[in-house]
Amino acid sequence: MSSPLRTALQGARDTIPMLIGALPFGIIFGTLAVSSGLSVAATLAMSVFVFAGSSQFIAVSLIASGTGLLVIWLTTLIVNLRHMLYSASLLPWVRHLPQRWRIPLGFWLTDESFAVVHRYYLDDSRPLGGKHWYFLGSCIAMYSNWVLCTLIGVLLGQSLPGMAGWGLDFAMVATFIGIVVPALRTRPMLVAALVAGAVAVVAYDLPYQLGLMLAALLGVASGLLAEHLLQRSGEVCLDDAA
Amino acid sequence: MTLHEVLLIGGMALITFAIRYTLFAAGHRVRFSPLMTRALGYVPVAVLTAIIVPMMLRPEGQLALQLDNAWLFGGLAAIAVAAWRRNLLLTIFAGMACFLFWRWLF
């Protein structure tokens with residue numbers, strides 16, 4: 001018997017590793033935002049209404065360097081554009097839901113929930129019927145964790161002003177590594193990662209985070225190309241993990 | 001909150017929500033070609049790698065392939081543990097431990 005509530009709790013539970021990874025990241029955001037000159041209310045409002053960690057970080061660093069609104073908005077657009085690709089990946093499983101479900105699930109779509117939920121949807125052993133409850137559970141866990149950590153960061157930042165320099169935001173890097181590395185099971189996937197990483201480093205100096213977008217596009221293109229070449233040479237994509 | 005902050009956050013929130021919700025809103029009116037569907041499969045890996053590799057290799061902006069770069073060695077440790085155990089929580093803890101140790105060391 002899988003009740004909606006139990007499915008939602010399962011989604012929240014499967015998201016716990018992501019919560020732990022986001023914990024220091026959220027705290028650092030809170031301390032950094034306030035020390036960059038954002039008011040406490042605005043810092044909390046950003047986590048409540050924007051809810052997109054990496055773009056919040058970048059926005060705060062842009063505010064600290066006195067950047068104008070238009071540039072910050074444009075940067076937000078480019079940094080978060082990947083979420084549209086996530087929503088495209090999830091669309092086949094979400095399009096049957098009423099809008100009152102699609103609106104909150106869209107608002108709450110993050111890297112972390114995407115990674116957890118996408119894996120769950122791909123598992124065909126369970127019927128599609130109640131899976132959106134799992135999605136919801138994962139989202140609510142991420143959201144409340146993020147808002148709470150921002151609050152803790154704001155409070156801690158006032159008592160430990162040097163905390164922003166401790167490098168705790170490394171937790172985000174470790175989390176993303178933990179998502180990416182197990183996904184590198186086929187050679188085209190490995191090619192996509194290597195190309196994306198290399199381009200991102202080389203194109204880092206492009207303005208408005210355009211390097212990130214370029215790296216992602218070239219990574220995806222080279223993954224497809226590698227897949228095509230492997231198929232043409234008669235080789236099946238080897239599943240190293242099997 | 002000042003008006004500037006309201007505009008800043010309001011704009012960021014609208015942009016981010018539009019990005020995340022537009023395709024969900026369209027629902028059945030959007031169909032992807034098989035090529036597009038295959039391409040989407042590479043997106044998470046490509047995007048997340050493009051975010052993390054510069055943080056490891058250029059943590060302060062300039063290329064830092066040095067022994068005292070804790071971001072690089074913490075990241076390498078996380079990659080090794082992730083490949084070895086495929087366990088997210090273990091990866092985060094091992095990466096964080098190595099990162100903090102490296103920071104303390106140099």
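Residues numbered from 1 in each chain as written. Chains lettered and ligands numbered in written order. Predicted model: local features only at pLDDT ≥ 70, side-chain atom pairs only at ≥ 80, totals over all residues.

Q: Can you walk me through the overall build of chain B in this structure?
A: Secondary structure summary: chain B contains 4 helices and 0 strands in total. From first element to last, N terminus to C terminus, chain B shows the α and β order α-α-α-α. Its C-alpha atoms give chain B a radius of gyration of 20 Å, more than 25% over the compact-globule value 13 Å for 106 residues. A principal-axis box enclosing the C-alpha atoms of chain B has dimensions of 55 × 45 × 25 Å. Relative to its 106 residues, chain B shows a buried fraction of 44%. (Helix = DSSP H or I, 4+ residues; strand = E, 2+ residues; numbered from the N terminus. Rg over C-alpha atoms; globule rule 2.2 N^0.38 Å. Buried ≥ 20, exposed ≤ 12 C-beta atoms within 10 Å, placed from the backbone.)

Q: What is the right way to read the interface of chain A and chain B from this model?
A: For an interface, size is often stated in terms of accessible area lost upon the parts coming together. Between chain A and chain B, the residue contacts involve 71 residues of the former and 59 residues of the latter. When residues in the side of chain A that touches chain B are grouped by element, the largest group, 10 residues, is from helix H10 (residues 170-180) of chain A. (Contact = placed C-beta atoms within 7 Å.)

Q: Any chance you could explain the environment of Ala42(A) here in plain terms?
A: Topologically, Ala42(A) is positioned in helix H3 (residues 40-49). Placed 42 residues apart in sequence, Ala42(A) and Met84(A) show a C-alpha to C-alpha distance of 26 Å. Residues within four places of Ala42(A) in sequence aside, it is in contact with Met1(B), Glu5(B) and Ile9(B).

Q: Just checking my understanding: could you explain helix H11 (residues 187-202) of chain A for this structure?
A: Every α-helix carries 3.6 residues per turn, so stepping three or four residues along brings you back to the same face. Over its 16 residues, H11(A) extends 23 Å from the first C-alpha to the last, a length consistent with the 22 Å expected when each residue adds 1.5 Å. Within the span of H11(A), buried status applies to Pro188(A), Met189(A), Val191(A), Ala192(A), Ala193(A), Val195(A), Ala196(A), Gly197(A), Val199(A) and Ala200(A). Packing partners of the buried residues in H11(A) comprise H10 and helix H12 (210-232) of chain A together with helix H2 (34-57) of chain B. (Expected span 1.5 Å × (residues − 1).)

Q: I tried to follow the UniProt feature "transmembrane region" (unreviewed entry) in chain B on my own but got confused; where do I start?
A: In the numbering used here, UniProt assigns the feature "transmembrane region" (unreviewed entry) to residues 6-27, 39-57, 63-81 and 88-105 of chain B. Secondary structure content for residues 88-105 of chain B is 100% helix and 0% strand, while the C-alpha to C-alpha distance between its ends is 25 Å. (UniProt positions renumbered as here; feature names shortened; annotations may be inferred.)

Q: Quick question: what am I supposed to make of H10(A) here?
A: Within H10(A), 11 of the 11 residues are buried, which leaves the element mostly enclosed by the surrounding structure. Among the residues of H10(A), Phe170(A), Ala171(A), Met172(A), Val173(A), Ala174(A), Thr175(A), Phe176(A), Ile177(A), Gly178(A), Ile179(A) and Val180(A) are the ones counted as buried. Tucked into the core, H10(A) has its buried residues touching helix H2 (16-35), helix H8 (111-122) and H11 of chain A together with H2, helix H3 (70-85) and helix H4 (88-105) of chain B.

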